[in-house]
Amino acid sequence: MAGITLENVGKTYAGDVAAVADVNLEINDGEFVVLVGPSGCGKSTLLRMVAGLETITEGRVTIGARVVNNLEPADRDIAMVFQNYALYPHMTVRQNLSYGLKNRRMPRDEITRRVDEAAGILEIGEYLDRKPRALSGGQRQRVAMGRAIVREPAAFLFDEPLSNLDAKLRVSMRGEIRSLQKRLGTTSVYVTHDQLEAMTLADRLVVLRGGRIEQIGAPIEVYRRPVSTFVAGFIGSPAMNLLPGTLQGGQLHVGGQSFAVEVAGNEKVEVGIRPEDLRPAKSGEPGLAVSLAYVEALGAQQLGHFRVDGHPLVAAFPPDQLVHDRMSLAFDRTILHLFSAETGKRLN
Amino acid sequence: MQTKRTIFRNLWLPYLLVAPQLAITLIFFLWPAGQAVWQSFLREDAFGLKTTFIGLGNYERLLDNPEYLNSLKVTAVFSISTATLAIVLALVLALAVDRMLRSARVYTTLLVWPYAVAPAIAGVLWWFIFNPTIGILPYLLDRVGYDWNHSLIKRDAMILVIIAAAWKQVSYNFLFFVAGLQAIPASMREAAAIDGAGPFKRFWSITLPLLSPTTFFLLVVNVVYTMFDTFPVIDAVTSGGPAQATNILVYKVYRDGFVGLNLGSSAAQSVILMAIVISLTVIQFRYIERRVTY
Amino acid sequence: MVENQRWLNILAHLVLIAGVLVVAFPVYIAFIASTHEPSAFVSGVVPLLPGSNAANSYADVLTGGVSSQMSVPISLMLKNSMIMALSIAIGKIVISILSAFAIVYFRFPFRQAAFWMIFITLMLPVEVRIVPTFQVISNLGMLNSYAGLSIPLIASATATFLFRQVFLTIPDELMEAARIDGAGPLKFFKDILLPLSRTNIAALFVILFIYGWNQYIWPILVTTDDKYQTIVAGIKRMADVVDSEPLWNYIMATSVLAMLPPVVVVIMMQRLFVKGLVETEK
């Protein structure tokens, strides 16, 4: 068991291409941290640097008490679960699980004990003598997890482990990974581009953009107070609406309304409103005048796709709400998100 | 050039791993090839005592030498005839096998094994069959009034080496045509059948055009085969004779080098042959690149 | 099958049967010849039906009882051919798989150069550079040795490319997982790469064994001592008798024996053989 510390970590490829820059992150012992961001944001590179599969060109990575920059992956006391599982196709499940232990010259009965225990936890006991080829996607995923568990490492590293599964299996495996990690209490770093997966799994989210950390925080914190339009657009589904507005002497002008906000300054802004924070205005209540494009009925809720002053706007309604071609939509002015139009940074 | 995303970091191990291959390449391929180039610019006197640098002299002499020009012509005739014969026969057999369902495997087995027969043995077998005094085929030809004698008649010798060389190559071409035919989607032929095309029309308008990449590939491979790998056939059957009638380029390199001991000329011929192989290899690789992008 | 036209199917069968017969014809004649007494060839035409001398012909050639035309028994030549074919096949596979491993899984100075050097061997068949290569062998004192017979032929661009191709299709993550599991390069090679390339190795072996067995000009040049004579090269010497009629039954018995090992390999391992043939041409 150990924490992981990243200090000013960066990765520069030949030709001065910075894939990761200036990452500072302290992961506590037993914590589940999710690195999330769109493809190309450097999240996988960062994880692979922790694993030792990419060289660390700047900064320092510490696992437990040791700086691991120059250690081989095998010596870092970590285990990794890959997107395509990376099971050895010619070995049985049992051989797959025990390969790493054998290489460590662990006594045979200890290997058997650990493999059987992991197989019990993951309910793959009956497949131990099969080859990966003969397993379903979900079963392979469990074997890949098993290979990580038997090592009893200081940390688990997950590289988009659920991406190759179908939607339904993904949801159930997500739950299993979460409960397994809670049960074992092993520090975990998990990479995904799926914000829903990130939200549901993480103790803490790390949102990455262009190789840099954009925001770190508990999922609900990041959801409630995204630090930038980028995070606002990335976390939450459907994505937060962003409408252009103007800030002038404490007054915000947006969508034909003006009202006082507790932010000083005069500048152009982006006003963020979550779809779930929009509702039809009561008669006489001020609101955004919107025209309907189409409605998506999702069962538990319905999404109204509107346009306001030529900008798209999405609102999430209860399923029984009547949606009209022309409506006025109200929102709670106290949970507005204000971002600078110039820098994209949060203002309130 | 492609490698893995992650690589092993080890200073000396990769060198150790490529060392055997590179050592053999250097000692037995590059060094002799370099020697050949160097020797092709030299001329040794009859006793091998004195060598003089004569630049392109050996090449000039070669291109003026009627024997060499004859060898070029013989090689062309031999190559093209053998390749054509082996390709056409293989295509006919492959088309026939492609119609078979249950018996395809048996026929394939019975047709592919000559690939394993050494060219030298293939030569000896046909040489025996065509033996002018006791061979079975000259005996039959004699009945229809043809007096076969490949040790005297140039054309007979050429026909004999072509048959022996093609006999062995048919099996190889056959396998590639069978694979090529299997790769043609049945739906295409079915569509043509619905459009009212009969079996022969379907062959000309669908099958043959779709097989053209395979055919082109085999043409290059067959030309390489006839130019270089048929050396043993020539050596075992005709030794280049009669009167140079089957003295193909590779055989001439060997004869002039080992029997005639004309090292400079032999080296110059080697260099010309290398140029030919290199261009054929380039053609083959460009073709493969194109096939990949299909 | 688009439709079942009876006459086309019959024609196809006829074509195939004719093909099979033509292909088998020379070997049939050779086998028949090997079963007769030498006297059967003195006059007229070769016999077309089996004779009764088969046992004697084969026993004689195998034990060397025809010393007038052969200084060593065929059994020794068969052994030499086997040594040469196995050395070439195994040698080519070993050095090619090692260099492909280095080229794919390591990055080192001169990697590109090494790759191109190996590539060049593709363009220099032994027939083309035969005289200077012979001089090299002779200078190294490798004439009349098994090493001289096999080592100069074991560089292989084709096999190296094939293994490179195979390795490139193996997912990167497998190597990464192995590294995390504590496997160094050699352990990874032994535990993961070798087992995963097993069928490619077998297919390649079939092709290379045939290649090695069928070598002709090289053994003729490199071996002057009959002790190292291989069977394919030896036949030519048997047939090249100057002042007497060749002993056809012995020559043909030898031919049949020389064909047997590679032909059996092809027939027994047809699937691997086809795989190997198609792969090496990629």
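Residues numbered from 1 in each chain as written. Chains lettered and ligands numbered in written order. Predicted model: local features only at pLDDT ≥ 70, side-chain atom pairs only at ≥ 80, totals over all residues. Heavy atoms only, no water.

You'll find chain C entered in an unreviewed UniProt entry as sn-glycerol-3-phosphate transport system permease protein UgpE, with Sinisalibacter lacisalsi given as the organism. On record in UniProt, under Subunit (unreviewed entry), the comment for chain C is "The complex is composed of two ATP-binding proteins (UgpC), two transmembrane proteins (UgpA and UgpE) and a solute-binding protein (UgpB)." In its Sequence similarities (unreviewed entry) section, the UniProt entry covering chain C states "Belongs to the binding-protein-dependent transport system permease family." (UniProt positions renumbered as here; feature names shortened; annotations may be inferred.)

By the naming in an unreviewed UniProt entry, chain A goes by Sn-glycerol-3-phosphate import ATP-binding protein UgpC and is assigned to Sinisalibacter lacisalsi. What UniProt states about chain A under its Sequence similarities (unreviewed entry) heading is, verbatim, "Belongs to the ABC transporter superfamily."

Here the focus is the overall build of chain C. Scanning chain C for helices and strands turns up 14 helices and zero strands. Counting from the amino terminus, chain C carries its helices and strands in the arrangement α-α-α-α-α-α-α-α-α-α-α-α-α-α. Its C-alpha atoms give chain C a radius of gyration of 24 Å, clearly above 19 Å, the size a compact globule of 282 residues would have. Counting only C-alpha atoms and orienting by the principal axes, one finds that chain C spans roughly 75 × 65 × 30 Å. For chain C, buried positions account for 59% of its 282 residues. Contacts in chain C between residues far apart in sequence, at least 24 positions, make up 72% of those at least 6 positions apart. (Helix = DSSP H or I, 4+ residues; strand = E, 2+ residues; numbered from the N terminus. Rg over C-alpha atoms; globule rule 2.2 N^0.38 Å. Buried < 20%, exposed > 50% of the residue type's maximum accessible area, 1.4 Å probe, protein only. Contact = heavy atoms within 4.5 Å.)

The number of helices and strands found in chain A is eight helices and 20 strands. For chain A, the spread of C-alpha atoms along the principal axes amounts to about 75 × 45 × 35 Å. Looking at chain A as a whole, 52% of its 348 residues are labelled buried. Residue pairs in contact within chain A that sit at least 24 positions apart in sequence constitute 64% of those at least 6 positions apart. Per element, the accessible surface of chain A, about 15,500 Å² overall, is 49% carbon and sulfur. For chain A, the distance from the average position of its 40 positive side-chain charges to the average position of its 40 negative side-chain charges is 4 Å. (Areas by Shrake-Rupley, 256 points an atom, 1.4 Å probe, with all protein chains shown as cover. Lys, Arg positive; Asp, Glu negative; His and termini not counted. Charge placed at Lys NZ, Arg CZ, Asp CG, Glu CD.)

Chain C puts 118 residues into the contact, and the matching count from chain B is 101 residues. Interface area for chain C against chain B, summed over the two sides, is near 10,100 Å², with a carbon-plus-sulfur share of 76%. Linking chain C with chain B are three salt bridges. Between Arg5(B) and Glu176(C) there is a salt bridge, with the nearest N and O atoms lying 3.1 Å from each other. Counting across the chain C and chain B interface gives 24 residue pairs in polar contact (both at pLDDT 80 or more). In the side of chain C that touches chain B, the residues fall into 88 nonpolar, 17 polar and 13 charged. (Buried area = accessible area lost by both parts, 1.4 Å probe. Salt bridge = Lys/Arg side-chain N within 4 Å of Asp/Glu carboxyl O. Polar contact = N/O pair within 3.5 Å; in protein donor to acceptor, adjacent residues only side chain to side chain. Nonpolar A, V, L, I, M, F, W, Y, C, P; charged D, E, K, R; others polar.)

Let's shift gears to the nonpolar core. Formed by 150 residues in total, the largest nonpolar core has its most connected members in Ile121(B), Phe128(B), Trp167(B), Phe174(B), Ile231(C), Met252(C) and Phe273(C). Here this core gets 16 residues from one element, more than from any other, and that element is helix H7 (residues 154–182) of chain B. Counting contributing residues per domain, this core is built from domain 1 (13–53) and domain 2 (65–293) of chain B, each supplying no fewer than three. In this view, Phe273(C) contacts Val112(B), Tyr115(B), Leu175(B), Val206(C), Ile207(C), Ile210(C) and Val266(C); residues no more than four positions away in its chain are not counted. Counting 79 residues, the second-largest nonpolar core is a separate cluster that includes Leu53(A), Leu157(A), Leu17(B) and Ile97(C). (Core = buried A, V, L, I, M, F, W, Y, C linked by side-chain atoms within 4.5 Å. Domains from an automatic or database assignment.)

Let's shift gears to the pairing of strand S3 (residues 32–36) of chain A. With five of five residues buried, S3(A) lies mostly within the body of the structure. Of the two faces of S3(A), the one carrying Phe32(A), Val34(A) and Val36(A) and the one carrying Val33(A) and Leu35(A) are both buried.

All names here are of chain A. As enumerated under the stated definition, the model contains 25 salt bridges over all chains in all. Here Arg178 and Asp203 are joined by a salt bridge, their closest N and O atoms 2.7 Å apart. Placement of the pair is Arg178 in helix H5 (residues 167–184) and Asp203 in the loop between helix H6 (195–201) and strand S9 (204–209), with a sequence separation of 25 residues. Linking Glu214 and Arg209 is a salt bridge whose minimum nitrogen-to-oxygen distance equals 3.7 Å.

Moving on, we get to the domain arrangement of chain A. All names here are of chain A. We note that the domain assignment places domain 1 (4–233) and domain 2 (238–340) within chain A. Put simply, the middle of domain 1 and the middle of domain 2, counted by C-alpha atoms, are 38 Å apart. Looking only at domain 1, the three residues that lose the most surface to domain 2 are Tyr223, Thr229 and Ala232, adding up to 67% of its buried area. Counting the contacts that link domain 1 with domain 2 gives zero salt bridges. Counting across the domain 1 and domain 2 interface gives two residue pairs in polar contact (both at pLDDT 80 or more). Of all the secondary-structure elements, those providing two or more residues to the side of domain 1 that touches domain 2 are helix H7 (219–224) and helix H8 (229–234). Sorting elements by how many residues they give to the side of domain 1 that touches domain 2 places H8 first, with three residues. Taken together, the residues that form the side of domain 1 that touches domain 2 break down as four nonpolar, three polar and one charged.

This brings us to the UniProt feature "transmembrane region" (unreviewed entry) in chain C. Residues and elements named next belong to chain C. As annotated in UniProt, the feature "transmembrane region" (unreviewed entry) corresponds to residues 7–33, 82–106, 113–131, 151–171, 192–213 and 247–267 in the numbering used here. This span, residues 82–106, is 96% helix and 0% strand, and a straight line between its end C-alpha atoms measures 35 Å. Spanning residues 113–131, this segment combines 53% helix with 0% strand, and its end C-alpha atoms are found 26 Å apart.

Looking now at the packing of helix H5 (residues 119–129) of chain B against helix H12 (residues 231–239) of chain C. Helix-helix packing is described using two parameters, namely the angle between the two axes and the distance between the axes. The geometry of H5(B) relative to H12(C) is characterised by a closest axis approach of 9 Å and an angle of 30° between their N-to-C directions. Judged by the angle between their axes, H5(B) and H12(C) are roughly parallel. Side by side, H5(B) and H12(C) meet where Ala120(B), Ile121(B), Val124(B) and Trp127(B) of the first sit next to Val232(C), Ile235(C) and Ala239(C) of the second. For the contact of H5(B) with H12(C), the class distribution of residues is seven nonpolar, no polar and no charged. (Axes fitted to C-alpha atoms, helices over the stretch in contact; angles between N-to-C directions. Parallel < 35°, antiparallel > 145°, perpendicular 65-115°, else oblique.)

For the rest of this paragraph, the subject is unusual backbone geometry. Cis geometry marks the peptide bond from Ser237(A) to Pro238(A), where omega comes out at -5°. Structurally, Pro238(A) can be placed in the loop between H8 and strand S11 (241–248). A positive phi angle, close to 45°, is found at Glu152(A), a residue other than glycine. Of note, Glu152(A) is situated in the loop between helix H4 (137–150) and strand S7 (155–159). Phi at Gln244(B) is positive, roughly 65°, even though this residue is not glycine. Secondary-structure assignment places Gln244(B) in the loop between helix H10 (231–237) and helix H11 (249–259). For Gln244(B), a relative accessible area of 26% gives the class partly exposed.

Attention now goes to a nonpolar patch on the surface. Where nonpolar side chains cluster on the molecular surface, the patch consists of Leu260(C), Val264(C), Ile267(C), Met268(C) and Met269(C) and spans about 460 Å² of accessible area. If you trace the backbone, Leu260(C) turns up in helix H13 (residues 248–268). (Patch = residues over 30% accessible without salt bridge, like charges linked within 9 Å, V, L, I, M, F, W, Y side chains within 5 Å.)

With that settled, the discussion passes to helix H1 (residues 13–39) of chain B. Counted at 1.5 Å a residue, the expected span for H1(B) with its 27 residues is 39 Å, and the 37 Å between its end C-alpha atoms agrees. Along its length, H1(B) shows its largest kink, about 45°, at Ala19(B), and proline Pro20(B) lies within four residues downstream of that point. (Expected span 1.5 Å × (residues − 1). Bend = angle between axes of the 7 residues up to and from the residue.)

Moving on: the sheet that holds strand S2 (residues 17–27) of chain A. The strands that make up a sheet pair up through hydrogen bonds in the backbone, lying either parallel or antiparallel. Residues and elements named next belong to chain A. The strand order across the open sheet formed by four strands is S2-S1-S4-S5, and the pairing between neighbours is antiparallel. Pairing within the sheet leaves two strands with one partner each, and these edge strands are S2 and strand S5 (66–67). Both strand S1 (residues 4–13) and strand S4 (residues 58–63) contribute to a ladder of five bridges, which runs antiparallel. If you follow Gly10 over to S4, its bridge partner there is Glu58. Contacting S1, S2 and S4, helix H1 (residues 43–51) crosses the sheet at an angle of about 115° to S1. (Pairing = 2+ DSSP bridges.)

Here Leu124(C) is to be found in the loop between helix H4 (111–120) and helix H5 (130–139). For Leu124(C), a relative accessible area of 5% corresponds to the buried category. The residues touching Leu124(C), leaving out its near neighbours within four places in the chain, are Phe29(B), Leu30(B), Ala33(B), Met274(B) and Arg129(C).

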